[in-house]
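A closer look at the structure
Single-letter residue listing:
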Amino acid sequence: MDTEAVRSFVRAAELGQLRHAADELGVTQQAVSKRIAALERTLDVRLFTRTARGVELTLDGQAFLAHARNIVADADRAVAAIARGSRALRIDVLGLRSAQAVVLHDYWRSHPGTALDVVTLRVDDPRLAVAAVQAGDVDASFRSVTDPAALPGDVRMIHAFHSPLELVVGPKHPLAAARTLTPERLRGHRIWVPGIAPGSEWADFYDQLTAAFGLRVDAAGPNFGNEVLLDILADSDDVATLVGSRDRYAWPTGHDLRRIPIARPTLAYPLSLLLPRENPHPGLRAVVGHFASLDPLPEDTWLPTWAPAPPDGAGEGGL
């Protein structure tokens, strides 16, 4: 059923004249007449009778009107649900306990009226995240394309914020009593980060990190989830892992795990946003502005070579 024909019928019924309906809909009276005639053929009934003052509903038209109004309203809601700027801002994060989700939650708590939809694409290949942005499946994705030449022209990557790293160890680990650690003190210790996907941005991050500081990052074994990783750390005297300072983790009190900041230099993971180059969702501007309000990193911070530079000024990334 042609929803525009149904819309023409509704407005003609409410206004009583085809000409007035045509003026409101921005089409000719002839177009409205043809739409209604086509609708009558589809339904195999007459909806109107013509009078000297315009048109009046037949009994069939009266019976159809309430349902027709619902059809038009449903069509309008369907369009609004996907129209950029009117639907909820949809942002992809790596996980709901990740720093990205935590910072977005902080933003939403300070702007509770914001229509925000946080999703997880669960893809390791950044090209798939780029494709999701291009297709409009998400308005932005917290992913990084480490090779700028691989970024298509209709998608841009901007700085979001940096996530300082912390070492997580159990109470038996030799570094458990440290208040802070330098990267040099991590040398020789096994840093277990299971499930590093080849070709992912974090694979490149850890490659650069180990090369820069001579660290031992072990990606062996499948990733059975954070709970299993934390259980292993609690019982181990030689295994540690790295997490972002804003990443949300919870463990049983008996685990007695320690999160130890790394400094001199601070090691930070750069978090970027992929978004459309043209006509990004208008809700992104305020979100990116919120990122700029986060505490800056120390001057002596190490970042991988592909980290986007923070924007100048207020920090809305040129949006």
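Fair warning: this is a prediction, and the values are worked out from it, not measured in the lab.

Considerations on helix 1 (residues 3-15)
For helix 1, spanning 13 residues, the distance from its first C-alpha to its last is 18 Å, which sits close to the expected 18 Å at 1.5 Å a residue. Along helix 1, the residues that are buried comprise Ala5, Val6, Arg7, Ser8, Phe9, Val10, Arg11 and Ala12. If you check the start of helix 1, you find a side-chain oxygen 3.0 Å away from the backbone N of Glu4, and it comes from Asp2. Count one or two residues on from helix 1 and you reach Gly16, which has phi positive near 80 degrees.

Focus: the packing of helix 1 against helix 2 (residues 18-25)
Two elements in contact, helix 1 and helix 2, have axes whose closest approach is 8 Å; the angle formed by their N-to-C orientations is 125 degrees. Taken together, the axes of helix 1 and helix 2 lie oblique to each other. Every pair of crossing elements has a handedness; the one defined by helix 1 and helix 2 is right-handed. Across the interface between the two elements, Arg7, Ser8, Arg11, Ala12 and Leu15 of helix 1 pack against Leu18, His20, Ala21, Glu24 and Leu25 of helix 2. Of the residues assigned to the contact of helix 1 with helix 2, the class counts are 5 nonpolar, 2 polar and 3 charged.

Let's talk about the pattern of salt bridges
Evaluated as defined, the whole model comprises 12 salt bridges. Salt-bridge contacts for Arg90 lead to Asp117; the nearest nitrogen and oxygen are separated by 3.6 Å. Here the residue Arg90 occupies a position in strand 3 (residues 89-92), and Asp117 occupies one in strand 4 (residues 116-119), the gap between them amounting to 27 residues. In this structure, Arg127 and Asp125 form a salt bridge, with 2.8 Å as the shortest nitrogen-oxygen distance.

A word on unusual backbone geometry
When glycine is set aside, most residues are seen to have a negative phi, and most peptide bonds are trans. The omega torsion across Arg264 and Pro265 is 0 degrees, close enough to zero to call that bond cis. A positive phi angle is found at Asp44, which is not glycine, with a value near 60 degrees. Structurally, Asp44 is set in the loop between helix 3 (29-43) and strand 1 (48-51). Residue class for Asp44 comes out exposed when judged on its relative accessible area of 68%.

Cut-offs and rules
Every chain's residues receive numbers from 1 upward, in the order its sequence appears when written. With the structure being a predicted model, the display of local features is reserved for residues of pLDDT at least 70 and the display and counting of side-chain atom pairs for 80 or more, all residues being used for whole-chain, interface and lining totals. Processing note: side-chain calculations cover all non-hydrogen atoms of the structure and skip hydrogens and water entirely. Helix numbering and strand numbering both begin at the N terminus, where a helix is a DSSP run of H or I of at least 4 residues and a strand a DSSP run of E of at least 2. Any helix carries an expected span of 1.5 Å times its number of residues minus one. Exposure is judged per residue with a 1.4 Å probe applied to protein chains only, and the accessible area is read against the type maximum: over 50% gives exposed, under 20% gives buried, and values in between give partly exposed. Polar contact criterion, stated in full: a pair of N or O atoms within 3.5 Å, where within protein one must be able to donate a hydrogen and the other to accept it, and residues adjacent in sequence count only if both atoms are side-chain atoms. In this analysis an axis means a line fitted to C-alpha atoms, helices contributing only their contacting stretch, and an angle means the value between N-to-C directions, from 0 to 180 degrees. Throughout, the term roughly parallel applies to angles under 35 degrees, roughly antiparallel to angles over 145, roughly perpendicular to angles from 65 to 115, and oblique to all others. Note on convention: the crossing is left-handed when the near helix lies turned anticlockwise from the far helix by less than a right angle, right-handed when the turn is clockwise. The contact rule is simple, with two residues in contact once any of their heavy atoms fall within 4.5 Å. In this classification, the charged set is Asp, Glu, Lys and Arg, the nonpolar set is Ala, Val, Leu, Ile, Met, Phe, Trp, Tyr, Cys and Pro, and all remaining amino acids, among them Gly, are polar. Salt bridge, as applied in this entry: a Lys or Arg side-chain nitrogen positioned within 4 Å of an Asp or Glu carboxyl oxygen.

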